[in-house]
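# A structural walkthrough
What follows is each chain in one-letter form.
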Amino acid sequence: MPPSTDLSGLPDLRRVGAHPDHWYPVALSRKVRRGRTYATAFAGERIALYRGESGTVHALEDRCAHRQVPLSMGVVEGEILRCCYHAWAYRGDGRISQIPYLAKGDGRPPRGVRGYAVREAYGLVFVFPGDPEKAARTALPELPAHGSPKYRTMTFTRTVRCHYSFMHENLLDMNHQFLHRGVVGKLHPELLGHRTDGRSVEARYLFTHTGGKRNRSAGLLAGEGIGGSASSDVMTIRTQYPYQTLDLVPENADHPAFRLWAAYVPEDAEQRTCRAYGLLMIEKPAVPAALHVAWPFIRRFAERVFAEDRMAVEAEQRAWDEQGEDRNHEVFPVILDVREVLRANGVPLRSRPAPCDGALPGHPHGPGGPGPSTAPPGG
């Protein structure tokens, strides 16, 4: 049996699952269209989203209680979802409302399927995959910059083939800037300090551009104008379980030029693939039209940086898969701390049967719907 500990003798973090008692984004709101279904997943649990006639989004276990056919293949009628096979109808809470061919007195199943608590915020659909009784008293993440007239939000979503912990480590450890040398030039990150508690880790870096060619969009994103300049910026990154945030404050500024919120939602039961959701909130310049013109270039820049990060974390996951254990020789205190936070707040992975090949998570049913690895970014 593969080792369950890493080189430090601690439990192998890549065998720790994301705790389900939190709100997790599982779709872009605009992808869940009125009267249509949308297939998604959390940690091997297939979830069928559908938006009823009223505009309300419902989330059900993605299987019919009758023959286990995915409900995401079904038909929306008003506020109910009808299975495409034998037309069993389900309410938004998962209870069966109709079995059309049964006569009075015929036996009926005692229950339907699981219904998930669901909320919409920030242009995302969130579900609560954990204890239903905790959903009402668990707050959604707070994003004060989202919707602020001072900021404009760019939304990203991508499938990344790695354990979610690699994503937390990648963003918190800014010592990897050599990876992005072709995009941002030569950046010197200096750790100003970090702190941790039972649920969070925060690191502050001073970034200095020391040479090389810098992408013009990086300059505008950092509040330095399209041309960029040789400035020093303070970047604060925080893992507040299970989410991450990043704020960048340019030199001589008193508020962030941009703020990032990110969540990494495991899709498969082994949690070796996650769906990354990011909300990049960019401060509007004195001339708002400048940001409008630069918007596609900023997106291209951000996508390129993310693509390089994804290449690295997926390579880390492949090494773990090949070796059957975590052989990382980690020395950076910030990463040692975030690993402990992720271990302490996660749950042991549970083995589940491999899902059948129906709709892929993130694949809306209907002609021409893109799969999770080919869908364009949101926003």
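In this report, we go over the structure that sits alongside the text.

The rules we used
Residues numbered from 1 in each chain as written. Predicted model: local features only at pLDDT ≥ 70, side-chain atom pairs only at ≥ 80, totals over all residues. Heavy atoms only, no water. Helix = DSSP H or I, 4+ residues; strand = E, 2+ residues; numbered from the N terminus. Buried < 20%, exposed > 50% of the residue type's maximum accessible area, 1.4 Å probe, protein only. Areas by Shrake-Rupley, 256 points an atom, 1.4 Å probe, with all protein chains shown as cover. Axes fitted to C-alpha atoms, helices over the stretch in contact; angles between N-to-C directions. Left-handed = near helix turned anticlockwise from the far one by under 90°. Contact = heavy atoms within 4.5 Å. Nonpolar A, V, L, I, M, F, W, Y, C, P; charged D, E, K, R; others polar. Salt bridge = Lys/Arg side-chain N within 4 Å of Asp/Glu carboxyl O. Core = buried A, V, L, I, M, F, W, Y, C linked by side-chain atoms within 4.5 Å. Phe/Tyr/Trp six-rings, centres within 6.5 Å; stacked < 30°, edge-to-face > 60°. Lys NZ or Arg CZ within 6 Å of the ring centre and 35° of its normal. Pairing = 2+ DSSP bridges.

## A closer look at the overall build of the protein
- When its secondary structure is counted, the protein shows 6 helices and 19 strands.
- Across the 379 residues that make up the protein, the buried fraction comes to 50%.
- Accessible area of the protein: about 18,000 Å², with a carbon and sulfur share of 54%.

## Examining the packing of helix α2 (residues 164–172) against helix α6 (residues 333–345)
- At a closest axis distance of 10 Å, the pairing of α2 and α6 adopts a crossing angle of 150 degrees. Crossing angle aside, the handedness with which α2 passes α6 is right-handed. Every residue of α6 that contacts α2 at Tyr 164, Ser 165, His 168, Glu 169 and Leu 172 is listed here: Val 334, Ile 335, Val 338, Arg 339 and Leu 342.
- Across the contact of α2 with α6, the residue classes break down as 6 nonpolar, 2 polar and 2 charged.

## Topic: the pattern of salt bridges
- Per the counting criterion, the structure on display carries 18 salt bridges.
- Here Arg 51 makes a salt bridge to Glu 120, at a shortest N to O gap of 3.0 Å. Taken together, the positions of Arg 51 in strand β4 (residues 45–51) and Glu 120 in strand β10 (residues 115–121) put the pair 69 residues apart, joining distant regions of the chain.
- Given the relative accessible area of 38%, Glu 120 is considered partly exposed.
- What emerges from the salt-bridge pattern is a single network uniting Arg 14, Glu 169, Asp 326 and Arg 339.

## Quick notes on the nonpolar core
- With 74 residues, the main nonpolar core has Leu 49 and Trp 261 as its most contacted residues.
- At 7 residues, strand β18 (residues 274–283) tops the list of elements feeding residues into this core.
- Grouped together as the second largest cluster of nonpolar side chains are 14 residues, Ala 48, Val 69, Trp 88 and Val 113 included.

## Notes on unusual backbone geometry
- Residue Pro 242 is bonded to the preceding Tyr 241 through a cis peptide linkage, with omega at 5 degrees.
- Mapped onto the elements of the fold, Pro 242 is located in the loop between β15 (232–240) and β16 (243–249).
- The backbone phi angle of Ala 87 is positive, close to 70 degrees, even though this residue is not glycine.
- Residue placement: Ala 87 occurs in the loop between β7 (80–82) and β8 (89–90).

## A closer look at the packing of aromatic side chains
- In this structure the tally under the stated criterion is 5 aromatic pairs.
- Between the aromatic rings of Tyr 243 and Trp 261, the centroid separation amounts to 5.4 Å while the plane-to-plane angle is 45 degrees, which identifies the pairing as tilted. With Tyr 243 in strand β16 and Trp 261 in strand β17 (residues 258–266), this pair connects stretches of sequence that are 18 residues apart. Taken individually, Tyr 243 and Trp 261 each receive the classification buried, so the pair is uniform in this respect.
- Three or more aromatic residues joined by ring pairs form one cluster here, namely Phe 126, Tyr 243 and Trp 261.
- Here the basic side chain of Arg 152 rests over the ring of Trp 295, its NZ or CZ set 3.8 Å away from the ring centre.
- The ring of Phe 156 carries the charged tip of Arg 299 above its face, separated from the ring centre by 4.7 Å.

## Comments concerning the sheet that holds strand β3 (residues 37–42)
- Ordered in space as β2-β11-β10-β5-β4-β3, the 6 strands form an open sheet in which the pairing is antiparallel. Each edge of the sheet is formed by a strand with only one pairing partner; in this case those strands are β2 (24–28) and β3. Going across the sheet, the axis of each strand differs from the next one's by a mean of 30 degrees, ignoring polarity.
- As judged from the 5 bridges shared by β4 and strand β5 (residues 57–61), these two strands associate in the antiparallel manner. Paired with Tyr 50 across the bridge in β5 is His 58.

## So, the environment of Pro 144
- When you line up the elements, Pro 144 lands in the loop between α1 (132–135) and β12 (151–160).
- In sequence terms Pro 144 and Met 281 are 137 residues apart; their C-alpha atoms lie 10.0 Å from each other.

## Looking at α2
- Judged by how many residues are buried, α2 sits mostly within the fold: 9 of 9 residues are covered.
- The set of residues buried in α2 consists of Tyr 164, Ser 165, Phe 166, Met 167, His 168, Glu 169, Asn 170, Leu 171 and Leu 172.

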